[in-house]
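Okay, here's what each chain looks like letter by letter:
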Amino acid sequence: MSEFISTFITGFKDIVENNLKEKLEGCKILNVFDGIIHYKYDKNSHDLEKIVYFNNTFFVLQTFWKNEDFPAMVDAVCSQKKYYLISKGLFRVRFQKENQFVKTDKNIVKKAENTVIANSRLKLDRVSPSTEIWYSKRRDGFGFCGQLISKREFTEKNLHKGELRPEIAYLICCFARLNGNENILEPFCGYGGLAVQLTKKFKFNNLFVSDIDKEKVDFIMSKKQFIGNPKINVSIQDAFILDNIDEHSIDCIITDPPWGFYEEIEDIYDFYEKMLVSFKRVLKEDGFLVILTARKSEFEQVCGKLGITVNQRLDTLVNGKKTGLFRVTF
């Protein structure tokens, strides 16, 4: 079986490991670290491009475990014949240490380049290559040499301000551990990052999607996933009131409310208190809330004040900000 390494957003190690076993039938996971997963897969490598939370995916040429330096890594790779999954086109060699590209001795780079040329029909192009060979070292001592076979091109430039990246939205929904029979509420839908993933990738009984901003609600209602679906209710609502939702009728709330960084929130503590009181009214007795926020301390303080239990917290990075993903019960 061929070996692959894929990268993903920090903090979601356990979720990615469990989800990949479900999504890639026949996949054998070898190692999982924060932000990176190493596995074997013998079916079509294009299947890997369908995994929404993968950023970069590499065909593994060799792995390293003793914190080797780049000269030693290159020597090891060059000492034996290598097979490249992509054997035609243009290539360049890159060196990465702890997620940062670094300059390396020219002789080492040249040796690595010559090895690729000798073992494939790839031609060197350091400016606009069609594939790349990476030598990567991590702080924990794990390293690898791999051929980059797919790269997530989707960036924040493709998003509205404050909109969640699709891979983050998907992993948040995985974190919720849904069984497919829930009535789900997303009361701060914004431009629909979470709602879109729920509709495309998950099952539910009913989905209530709302926001106080008419422009955003109109945007959501124009998306094909939501048109004519009897299980989805999209409306303009104040999350502090939610007068369209019956008491104790919601199994799960999954949401990413404003953090007060991009929007003006006079008192974040008051904001969270009103929000949580509203959520408590609509949630069933055994219901729960999954919420993403960069205001971790403030949110936890309000939960404590209201006697709300934080069952689980996962720390990650969103748009460069340290962020918490919480699962709480009332």
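Here the structure is shown first, and the text comes after it.
**Student:** So what exactly am I meant to see when it comes to the pairing of strand β16 (residues 321-329) here?
**Tutor:** When a strand is regular, its side chains alternate between the sheet's two faces. Both strand β14 (residues 283-293) and β16 contribute to a ladder of six bridges, which runs antiparallel. Residue pairing in the sheet places Ile291 in a bridge with Phe326 of β16. Of the pairings in the sheet, the one linking strand β15 (residues 309-318) to β16 comprises nine bridges and is antiparallel in character. Within the sheet, the bridge partner assigned to Thr309 lies in β16 and is Thr329.

**Student:** Please explain the side chain of Glu167 as it appears in this structure.
**Tutor:** On the secondary structure map, Glu167 appears in helix α4 (residues 166-175). Contact partners of Glu167, with chain neighbours within four places excluded, come to Val52, Tyr53 and Asn55.

**Student:** Even after reading the chapter, I still don't get the pattern of salt bridges, so can you show me in this structure?
**Tutor:** Where charged atoms from two side chains of opposite charge come close, those side chains can pair. Here the structure, examined in full by the defined rule, presents 17 salt bridges. Note that Lys214 and Asp218 form a salt bridge whose closest N and O atoms lie 2.7 Å from each other. Here Asp218 and Lys214 lie together in helix α6 (residues 214-221), a separation of four residues that amounts to about one turn. Across the pair Lys274 and Asp270 runs a salt bridge whose closest N-O atoms are separated by 3.2 Å. On the criterion of helical spacing, the pair formed by Lys274 and Asp270 is a turn pair, its members being four residues apart in helix α7 (residues 268-282).

**Student:** Help me understand helix α8 (residues 296-306) in this model?
**Tutor:** Since there are 3.6 residues in each turn of an α-helix, residues three or four apart along the chain are aligned in direction. Listed in full, the buried residues belonging to α8 are Lys296, Glu298, Phe299, Val302 and Cys303. The secondary structure elements touched by the buried residues of α8 are α7, β14, β15 and β16. Where α8 terminates, the next one or two residues include Gly307, which has phi positive at roughly 70°.

**Student:** For this particular structure, what's the right way to read unusual backbone geometry?
**Tutor:** Most peptide bonds adopt trans geometry, and most residues besides glycine take a negative phi value. Non-glycine residue His248 carries a positive phi angle of around 50°. Assignment of secondary structure puts His248 in the loop between β12 (232-236) and β13 (250-255). The partly exposed category is assigned to His248, whose relative accessible area is 47%. One non-glycine residue, Asn319, lies in positive phi territory at about 55°. As for its position among the elements, Asn319 is in the loop between β15 and β16. Judged by relative accessible area, which is 39%, Asn319 ranks as partly exposed.

**Student:** Which parts of the structure should I look at to understand the sheet that holds β12?
**Tutor:** Adjacent strands of a sheet pair through backbone hydrogen bonds, lying either parallel or antiparallel. Taken together, seven strands build an open sheet; the order of strands is β12-β11-β10-β13-β14-β16-β15 and the sheet is mixed. Edge positions in the open sheet fall to β12 and β15, since each of these has one partner strand only. Between one strand and the next, the sheet's axes are offset by a mean angle of 15°, whatever the strand orientation. Both strand β10 (residues 183-186) and β13 contribute to a ladder of two bridges, which runs parallel. Across the sheet, the residue bridging to Leu185 is Ile253, located in β13. In this fold α7 packs onto β10, β13 and β14, with an angle of close to 145° to the strand it touches most, β14.

**Student:** Explain the packing of α4 against helix α5 (residues 193-201) here, please?
**Tutor:** In a pair of packed helices, the angle between the axes and the distance between the axes together describe the arrangement. Relative orientation of the contacting elements α4 and α5 amounts to 65°, with a least axis distance of 9 Å. In terms of their interaxial angle, α4 and α5 are classed as roughly perpendicular. The interaxial crossing formed by α4 with α5 has right-handed handedness. Contacts between α4 and α5 pair Pro166, Ala169, Tyr170, Ile172 and Cys173 from the former with Gly193, Leu194, Gln197, Leu198 and Lys201 from the latter. In the contact of α4 with α5, the residues fall into seven nonpolar, two polar and one charged.

**Student:** How do you make sense of the nonpolar core when you look at a structure like this?
**Tutor:** As a rule of thumb, soluble globular proteins bury nonpolar side chains together. Grouped together as the largest cluster of nonpolar side chains are 75 residues, with contacts concentrated most on Tyr39, Tyr135 and Ile254. At eight residues, α4 tops the list of elements feeding residues into this core. Within the second largest apolar cluster, 23 residues are counted, among which are Phe188, Leu242, Ile245 and Ile291.

**Student:** Just checking my understanding: could you explain the side chain of Glu163 for this structure?
**Tutor:** Along the polypeptide, Glu163 turns up in the loop between β9 (143-151) and α4. No salt bridge forms around the buried Glu163; measuring N to O, its nearest opposite-charge neighbour Lys223 is 5.7 Å away. Within polar-contact distance, the side chain of Glu163 engages the backbone nitrogen of His160 at 2.9 Å.

**Student:** Would you take a moment to explain the pairing of strand β5 (residues 88-97) for this structure?
**Tutor:** Where β5 lies against strand β7 (residues 121-124), four bridges are found, and the strand directions are parallel. In the strand pairing of β7, Gly89 is matched with Leu122. Taken together, the seven bridges between β5 and strand β8 (residues 131-137) define a ladder with parallel strand orientation. Bridging across to β8, Gln96 finds its partner in Ser136.

Cut-offs used in this document
- Residues numbered from 1 in each chain as written.
- Predicted model: local features only at pLDDT ≥ 70, side-chain atom pairs only at ≥ 80, totals over all residues.
- Heavy atoms only, no water.
- Pairing = 2+ DSSP bridges.
- Helix = DSSP H or I, 4+ residues; strand = E, 2+ residues; numbered from the N terminus.
- Contact = heavy atoms within 4.5 Å.
- Salt bridge = Lys/Arg side-chain N within 4 Å of Asp/Glu carboxyl O.
- Buried < 20%, exposed > 50% of the residue type's maximum accessible area, 1.4 Å probe, protein only.
- Axes fitted to C-alpha atoms, helices over the stretch in contact; angles between N-to-C directions.
- Parallel < 35°, antiparallel > 145°, perpendicular 65-115°, else oblique.
- Left-handed = near helix turned anticlockwise from the far one by under 90°.
- Nonpolar A, V, L, I, M, F, W, Y, C, P; charged D, E, K, R; others polar.
- Core = buried A, V, L, I, M, F, W, Y, C linked by side-chain atoms within 4.5 Å.
- Lys, Arg positive; Asp, Glu negative; His and termini not counted.
- Polar contact = N/O pair within 3.5 Å; in protein donor to acceptor, adjacent residues only side chain to side chain.

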